[in-house]
Amino acid sequence: MALPFPPPPREIRRAFEQLRQAEEAGLEPAGLRLLDRPWDPATCSAHVRTPLWAWLDDVAAWLNHSYAWQTAQAIPSCWPTHPHLVHELAVLACLRATAADAAAPHALEEWHRYALPAFHARLAERLGIGCPPGRHTDWPARSWAAEYDSPQATAARQTLFDGDLGATSTGHTPEAAGGQ
């Protein structure tokens, strides 16, 4: 009736434990960035990221089986090609794993009440039914992102930033030139 949540692999559990110990020891926030944070895959070493991808794939299948009653709640099989789903799924999976390890049901109830519905709402908003089974839809905003990254748009933004800072062609700000 109810499939068990896929347990995080040993490397993911080790990362959680290292972060817990670092926090208890009072490690400065800058030091925490040196540790693998599985909810943010880009921060993870290849040693952690390798099992992370397989675990997230298992979590996506579990979510689809256990919670995707409507098609807008189903995670498409092409989820790794959607960066927003990669980010969202990693956070949701880590929240669920840590909630399941709690000594009382409150964290898991909050996961059901807040994290899961919010994930489904963002999934439906961002993806809609854009990737039905067997028909991946490429990134609709690709042309907008390409224009944003163009040298002309980058230069135009930099000009605006420089203008906001009051920089002149000589590199002096109006305050410095006026002796203030």
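Below is a short write-up of the structure. (Residues numbered from 1 in each chain as written. Predicted model: local features only at pLDDT ≥ 70, side-chain atom pairs only at ≥ 80, totals over all residues. Heavy atoms only, no water.)

## Quick word on the nonpolar core
Counting 30 residues, the largest nonpolar core has W55, L56, L63, I75, W79 and L89 as the members making the most contacts within it. Of all the elements in the fold, those that place two or more residues in this core are α1 (10-24), α3 (46-67), α4 (83-100) and α5 (106-127). Discounting residues that sit within four places of it in the chain, W79 has contacts with W53, L56, D57, A60, L85, V86 and L89. (Core = buried A, V, L, I, M, F, W, Y, C linked by side-chain atoms within 4.5 Å. Buried < 20%, exposed > 50% of the residue type's maximum accessible area, 1.4 Å probe, protein only. Helix = DSSP H or I, 4+ residues; strand = E, 2+ residues; numbered from the N terminus. Contact = heavy atoms within 4.5 Å.)

## Looking at the state of the cysteines
Under the definition given, this model contains zero disulfides. With no disulfide partner, C78 has as its closest neighbouring cysteine sulfur the one in C131, 3.6 Å distant. Looking at the unpaired C94, the closest cysteine sulfur is the one in C44, lying at 7.9 Å. For C94, a relative accessible area of 4% gives the class buried. (Disulfide = S-S within 2.5 Å.)

## As for the pattern of salt bridges
For the structure on display, the rule yields six salt bridges. Its salt-bridge partner being D101, residue R13 comes within 3.0 Å of it at the nearest N-O pair. Here D101 lies in the loop between α4 and α5 and R13 lies in helix α1, a separation of 88 residues in the sequence. Looking at D101, the relative accessible area reads 48%, which means it is partly exposed. Connected via shared salt-bridge partners are E17, R20 and E24. (Salt bridge = Lys/Arg side-chain N within 4 Å of Asp/Glu carboxyl O.)

## Looking at the environment of A25
With respect to the helices and strands, the residue A25 is situated in the loop between α1 and α2 (29-32). Considering only alpha carbons, one finds A25 and V59, 34 residues apart in sequence, at a separation of 31 Å.

## Examining α3
Owing to its 3.6 residues per turn, the α-helix aligns residues three or four sequence positions apart on the same side. Taking 1.5 Å as the rise per residue, α3 with 22 residues should run 32 Å; its terminal C-alpha atoms sit 30 Å apart, in good agreement. All buried positions along α3 are accounted for by V48, P51, L52, W55, L56, V59, A60, W62 and L63. Buried residues belonging to α3 abut α1, α4 and α5. (Expected span 1.5 Å × (residues − 1).)

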